[in-house]
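# Remarks on the overall topology
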Amino acid sequence: MRLLLDTHVLLWVMTDDTALSQTARDTINKATVVYASAVSIWEVSIKAALGKLQINQDRFMKALPATGFEPLSITWEHADAVHRLPSIHRDPFDRMLIAQAVSEPLHLMTADKTLVRYSELVLFV
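Residues numbered from 1 in each chain as written. Predicted model: local features only at pLDDT ≥ 70, side-chain atom pairs only at ≥ 80, totals over all residues. Heavy atoms only, no water.

### As for the side chain of His89
Quick note on the threshold: Per the convention used, a helix needs a DSSP run of H or I reaching at least four residues, while a strand needs a run of E reaching at least two, with both numbered from the N terminus. Residue exposure (1.4 Å probe, protein chains only): buried if accessible area is under 20% of the type maximum, exposed if over 50%, otherwise partly exposed. By the criterion applied in these results, polar contacts are pairs of N or O atoms within 3.5 Å in which, for protein atoms, one can donate a hydrogen and the other can accept it, and in which residues neighboring in sequence qualify only through two side-chain atoms. Between two residues, a contact is recorded if the distance between any of their heavy atoms is within 4.5 Å.
Mapped onto the fold, His89 is located in the loop between helix H5 (76-81) and helix H6 (92-103). Judged by relative accessible area, His89 falls into the buried class, the value being 16%. Side-chain polar atoms of His89 contact the side chain of Asp94, separated by 3.4 Å. In this structure, His89 is in contact with Asp94, Arg95, Asp112, Thr114, Leu115 and Tyr118, ignoring residues within four places of it in sequence.

### Observations regarding the pairing of strand S4 (residues 107-110)
Each regular strand displays side chains that alternate between the two surfaces of the sheet. Going by this rule: Strand pairing is assigned whenever DSSP detects at least two bridges linking the two strands.
Both strand S1 (residues 2-5) and S4 contribute to a ladder of 3 bridges, which runs parallel. Residue pairing in the sheet places Leu5 in a bridge with Met109 of S4.

### Considerations on the sheet that holds strand S3 (residues 70-72)
Condition: Every angle, taken between N-to-C directions, lies between 0 and 180 degrees, and every axis is a line fitted to C-alpha atoms, over only the stretch in contact when it is a helix.
Taken in spatial order, the 5 strands of this open sheet run S3-S2-S1-S4-S5, and their pairing is parallel. Since the sheet does not close on itself, it has two edges, and those belong to S3 and strand S5 (122-124), each with one partner. If you compare each strand with its neighbour and ignore which way they point, the axes differ by 35° on average. Note that S4 and S5 share 3 bridges and pair parallel. Across the sheet, Thr110 pairs through a bridge with Phe124, a residue of S5.

So, in structure tokens, the structure goes:
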């Protein structure tokens, strides 16, 4: 399975947060490849700058390579795919992650149950 982590799941993995279930951990460990999107880095940067997320951005970026996750850039195709998504969710970060998952295709692991309505590729944890 090729897996894309939603931003909060990525943060949970990196902080070994107990909010991440054992089932989710097992799915990540069994995946053939796990991606961390540039969308998540962007979201973390913006939310940290706005004071909505307490994180040391430099430490976060230095720790990211140690996860073994592959980077996923935002392509023109990903950006274009957003306009074909139904209006289920307004969060632009989540919409881009969905567009990436559908375009590649990848399974998107999230704890946001609303995102399941987009595609069978969304894994709710």
